[in-house]
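Structural overview for review
These are the residues of each chain, in order.
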Amino acid sequence: QSPMTRAGSHGLAGVTGIGRRSAHCEPPSMIISGGHICVVFLVLRVLLTLTSWATYALYAYHLPHTAELLASVAVPLLHSNVMLLKASSTGARLARFPSCRLLCGRCSAVVPHRPSAAPLGSSAQLEGVAAPVPAFAPISRGMAGSATVPKAAAVQEVDTADVFTTNPLLADVVFPLYDQVKPEHVVPGMRALLAQLNKDIDALEASVTPSWQGLVEPLERLTDRHQRTWGIVSHLKGVQDSDALRAAVEEVQPENVALGLRLAQSQPLYAAFKALKDGPVWETLNEAQRRVVDIELRDFVLGGVGLEGEAKERFNAIQQQLAQLSTKFSNNVLDATKAFKKLVTDAAELEGLPATALGLAAQQARAAGHDKSTAEAGPWLLTLDFPSYYPVMTHAKNRALREEMYRAYITRASAGDLDNTPI
């Protein structure tokens, strides 16, 4: 998947920060207490992963009773993981453990990094550690959207006094409150966050120093806050799409992209990164840190930091257009996926499918109005959603059915009103 396709599906272009070691990761010597909790957590996490794989394998080989027995073992393991996460947030600081990427893929997704209740954007937060959030889409200095308008016009003025305490999208919790976040939370939540992040950028630009601690770490904390909050919205849009959620995303997307390009074209931050590389501090950085700085400098250039006048305006306009087209592209694919439905009434056509797949197909049939559908007698409804599509491609003995599903899957959004060809 191309960087633009990946980023555009979330309304923000660019790939800076994806898969990168978090700047505030620290060695084991920085862990104040709770080292044993970290070790136990890692062991339990490995056991939980192995148990999950084994359970899936047993279901796949038609041993549901054995699988259910094994799954019962996973429940206390999961409970223990949650308890240790809560304990670590005030003790061991798991997010600072160097192996945290094995757990979550990026440091700040495991445990909230704010050690105090300092408000977002305060000096205490800028000097401390980051606040939590699927990510999903980063604020990139590589490819972003338009931000040629003044900062005050880029993000609408909002009253943020109560938003950070009442909006579940912005909740400072270990795990995102997916069950509480609604489409009506997206616009006020994101606008409050964007307004605060713009203030944070103002503070960083005014006080930035060309050092790892004075530049890279605060910038990482700032962008991480946005990545994880927007990630919640992007994830919900992918798994619980609705017209209201789409409208909310489209409304706030230009402001969201504008913040990305403001960072991409920040002269103070770009100058600080150049000074960091050209100054004496460069010799104190390790190989990984130098690589981070080099990538940031590259992405500033690709993000238009060197453009002026009409060239800059044209570049920013193109980024906004790309963000809109990318969102339209992903919406068409999602709508085409939803549009395909195949009702099967003959059990012989589904020979080879495991009981779990048949149960899901029956559940989908009941949701579509076939109230008497059962896993044993049908009818069964197949869709192109991956939990329905993958078992058919993996286990179904019916070659014609596999071909039909495969052709439908790879030709999504390639004809009719949902045709992505012009895009």
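On a predicted model such as this, the values are computed, not experimentally measured, just so you know.

With that settled, consider the overall build of the protein chain. For the protein chain, the count of helices and strands is 16 helices and two strands. Among the 423 residues that make up the protein chain, the fraction classed as buried is 47%. For the protein chain, the computed accessible surface area is about 20,600 Å², with 59% contributed by carbon and sulfur atoms.

A word on the packing of aromatic side chains. Under the counting rule described, the total for this entry stands at five aromatic pairs. Judged by centre distance (5.5 Å) and plane angle (45 degrees), the ring pair of Y270 and F300 falls under tilted. Here Y270 is found in helix α11 (residues 267–278), whereas its partner F300 is found in helix α12 (residues 287–302), with 30 residues between them in sequence. Of the two residues examined, Y270 and F300, each falls in the buried class. The class for F300 is buried, based on a relative accessible area of 0%.

Here we come to a nonpolar patch on the surface. Among the surface-exposed residues, L325, F329 and I423 lie close enough to one another that they form a single nonpolar patch of about 220 Å² accessible area. Positionally, I423 belongs in the segment after α16 (399–410).

Here L170 is to be found in the loop between α7 (163–166) and α8 (183–207). Once residues lying within four places of it in the same chain are set aside, the contact partners of L170 are V163, F164, G189, A192, L193, R225 and T229.

Further remarks concern the confidence of the model for the protein chain. In the predicted model, the protein chain carries a mean pLDDT of 75, and the fraction of residues at 70 or more is 63%. Within the protein chain, helix α4 (residues 100–104) has the poorest average pLDDT of any element, 35, and strand β2 (residues 380–383) the best, 97. Counted against residues more than four places away or in other chains, residues 1–34, with its pLDDT under 50, gives 81 contacts. Note on residues 86–155: pLDDT is under 50 here. Beyond four places in sequence and across chains, it has 214 contacts.

What follows is about the pattern of salt bridges. Summed over all chains, the structure comprises 14 salt bridges. Close ionic contact of D335 with R246 constitutes a salt bridge, the shortest N to O distance being 2.6 Å. With D335 in helix α13 (residues 309–339) and R246 in helix α10 (residues 243–264), the pair connects residues that are 89 residues apart, well separated along the chain. Owing to a relative accessible area of 12%, R246 belongs among the buried residues under this scheme. Of the charged contacts in the structure, one is a salt bridge between K342 and E404, with a shortest N-O distance of 3.2 Å. Taken together, the residues K342 in strand β1 (residues 341–344) and E404 in helix α16 connect sequence positions 62 residues apart.

Moving on: the pairing of β1. What you see with β1 is a clean split: K342 and V344 sit on the buried side and K341 and L343 on the side with no burial. Judged from the four bridges that link them, β1 and β2 form a sheet pairing that is antiparallel. Residue pairing for β2: K342 is matched across the bridge by L382.

Turning next to the packing of α8 against helix α9 (residues 212–239). Put simply, α8 and α9 touch, their axes get as near as 11 Å, and they point 175 degrees apart. For the element pair α8 / α9, the angle class is roughly antiparallel. Counted together, V186, M190, L193, L194, L197, D200, I201 and L204 of α8 and G214, P218, L219, L222, R225, H226, T229, W230 and V233 of α9 form the full contact between these two elements. Of the residues that constitute the contact of α8 with α9, the class distribution is twelve nonpolar, three polar and two charged.

Our focus in this paragraph is the environment of L285. Following the sequence through the fold, L285 ends up in the loop between α11 and α12. Residues L285 and S211, 74 residues apart in the sequence, show an inter-C-alpha distance of 9.6 Å. Once residues within four sequence positions are removed from consideration, L285 is found in contact with W212, L276, R290 and V293.

Before going further, it helps to examine α12. Here α12 contains 16 residues, and its C-alpha end-to-end distance of 23 Å stays within 8% of the 22 Å for a straight helix at 1.5 Å per residue. Of all the positions in α12, only Q289, V292, V293, I295, E296, L297, D299 and F300 are classed as buried. On its buried face, α12 is in contact with α9, α10 and α11. Two to three positions downstream of the cap, the backbone nitrogen of A288 sits 3.1 Å from a side-chain oxygen, assigning the N-cap of α12 to N286. Downstream of α12 by one or two residues, G304 has phi in the positive range, about 95 degrees.

We now examine the packing of α8 against α10. Packing of α8 against α10 brings their axes to within 9 Å, and their N-to-C directions diverge by 5 degrees. One finds that α8 runs roughly parallel with respect to α10. Along its contact with α8, which presents P183, V186, V187, M190, R191, L194, L197, N198, I201, D202 and E205, the element α10 presents A244, L245, A248, E251, V252, E255, N256, L259, R262 and L263. Among the residues forming the contact of α8 with α10, the class breakdown is 13 nonpolar, two polar and six charged.

What counts, and at which threshold
Residues numbered from 1 in each chain as written. Predicted model: local features only at pLDDT ≥ 70, side-chain atom pairs only at ≥ 80, totals over all residues. Heavy atoms only, no water. Helix = DSSP H or I, 4+ residues; strand = E, 2+ residues; numbered from the N terminus. Buried < 20%, exposed > 50% of the residue type's maximum accessible area, 1.4 Å probe, protein only. Areas by Shrake-Rupley, 256 points an atom, 1.4 Å probe, with all protein chains shown as cover. Phe/Tyr/Trp six-rings, centres within 6.5 Å; stacked < 30°, edge-to-face > 60°. Patch = residues over 30% accessible without salt bridge, like charges linked within 9 Å, V, L, I, M, F, W, Y side chains within 5 Å. Salt bridge = Lys/Arg side-chain N within 4 Å of Asp/Glu carboxyl O. Contact = heavy atoms within 4.5 Å. pLDDT = per-residue confidence, 0-100. Pairing = 2+ DSSP bridges. Axes fitted to C-alpha atoms, helices over the stretch in contact; angles between N-to-C directions. Parallel < 35°, antiparallel > 145°, perpendicular 65-115°, else oblique. Nonpolar A, V, L, I, M, F, W, Y, C, P; charged D, E, K, R; others polar. Expected span 1.5 Å × (residues − 1). Polar contact = N/O pair within 3.5 Å; in protein donor to acceptor, adjacent residues only side chain to side chain.

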